[in-house]
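# Geometric and topological summary
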Amino acid sequence: MKTLDPDHPIRTSLKVLLKTLLASASIIAILASTSAQAELLSTESFDGYTPGTLLSAESPAPTVAGYTGNWSGGLSQQTFAGSLAYGGAGYAAGTGNHIGVPASDPGTWWDGGETVRTMDSSLTVTSATTGTRYLSWLFQSGTEAQYQMLLLTDAAGNRKFGAGLSFNDEGGYDVIPNGGLTYDYEVNTAAYNTGVTANTTVNLFVVKFDLSAAAGADNVTVWLNPTLGGPGDPTGGFEVTGTDLTFDTLDIADYGANSAKWDEIRWGTSFNDVTTAPIPEPGAALLGGLGMLALLRRRRNR
Ligand SMILES: [Ca+2]
Ligand SMILES: [Ca+2]
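Below is a summary of the structure that appears in this document. Model, not experiment: these values are computed from the prediction.

### Things to note about the nonpolar core
Counting residues in hydrophobic clusters, the biggest one holds 49 residues, and the most contacted among them are Leu138, Leu150, Phe205, Val206, Val207 and Trp262. Those elements that place two or more of their residues in this core are strand 6 (131-141), strand 7 (148-153), strand 8 (159-165), strand 9 (182-187), strand 11 (202-211), strand 12 (218-224), strand 14 (249-254) and strand 15 (260-268). The greatest single-element share of this core, amounting to seven residues, is contributed by strand 11. Non-local contacts of Trp262, meaning those with residues more than four positions away in its chain, are made with His98, Ile99, Gly100, Trp137, Leu138, Phe139, Leu150 and Ile252.

Take a look at the structure:
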């Protein structure tokens, strides 16, 4: 290679460029270490469960970060082989199995339509909990317009949050216009309709809980099949503000036969934690970039 004079204008400008790039890389590294605090807290992929077995009959239930003890209640929800597959771009594919209610289930009110598992302190939300939590799961409705909700409850079974399909034309609790025909969500005792018509494909729910220790200052955002892979939260979403949330139990509620399937219940501290495939550590990518710069520099200095 032809060697340029040390003071040649091209060498000088290359040095300036390298210095600028290295300085930029340092800034990126600082930013990356800040955003790297995001964390996947829990993933329930229904891995290690036995297909054809009721969740409440799994004893001991497979160990899953964020939960404690066995599933209880429910004489309907069982494991089915294979993971639900969501078609949206960028979603981190599931593993293991999924759960649901078989078509053969009698689907009666008294057969225990809710199967629950208690959270441990890493997921439990009390009135003193602060910060941001994200929850996502896959939901596929079956052929019955029945109450099919993933719920978060307190130990007494009071419903604090839920999303899926609420009642259609049943009397009683949570009846909302078009419930059961469009996707619904509920926060404390209020139920809301997304206006999105229910279908039988696999849908992705993502929920953000903004938690405050002050009274009446918790906010909830619900996304249905949002765009994935952005730098932070996607735009849109259904918001409920100024509420108080406390929960310590995951509750899969389904009172019908062949009503719904659930899978990949993920908790994290960022939107991407609970939705997108893991990307290379920013630090590792940066080291690769710096290595390339050093190599270039060596070549230039020859
Ligand atoms: Ca799965
Ligand atoms: Ca609160």
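### Let's talk about the sheet that holds strand 2 (residues 67-73)
Strands sit in the order 2-5-14-7-8-9-10 across an open sheet of seven strands; the sheet is antiparallel. Two strands lie at the open edges of the sheet, namely strand 2 and strand 10 (190-197), each paired on one side alone. Neighbour-to-neighbour, the strand axes of the sheet open up by a mean angle of 15°, direction not taken into account. By the bridge criterion, four bridges tie strand 8 to strand 9 in an arrangement that is antiparallel. Its bridge partner lying in strand 9, Gly162 is registered against Glu186.

### Section: unusual backbone geometry
Put simply, Ser59 and Pro60 share a cis peptide bond, and its omega is 0°. Residue Phe46 is not a glycine yet carries a positive backbone phi of 60°. Counting through the fold element by element, Phe46 comes out in the loop between strand 1 (40-44) and strand 2. You will see that Glu264, though not glycine, has its phi angle at about 50°, which is positive. Summarising the element assignment, Glu264 is placed in strand 15. Residue Glu264 is classed as buried on the basis of its C-beta count, with 26 C-beta atoms lying within 10 Å.

Calculation criteria
Residues numbered from 1 in each chain as written. Chains lettered and ligands numbered in written order. Predicted model: local features only at pLDDT ≥ 70, side-chain atom pairs only at ≥ 80, totals over all residues. Core = buried A, V, L, I, M, F, W, Y, C linked by C-beta atoms within 7 Å. Buried ≥ 20, exposed ≤ 12 C-beta atoms within 10 Å, placed from the backbone. Helix = DSSP H or I, 4+ residues; strand = E, 2+ residues; numbered from the N terminus. Contact = placed C-beta atoms within 7 Å. Pairing = 2+ DSSP bridges. Axes fitted to C-alpha atoms, helices over the stretch in contact; angles between N-to-C directions.

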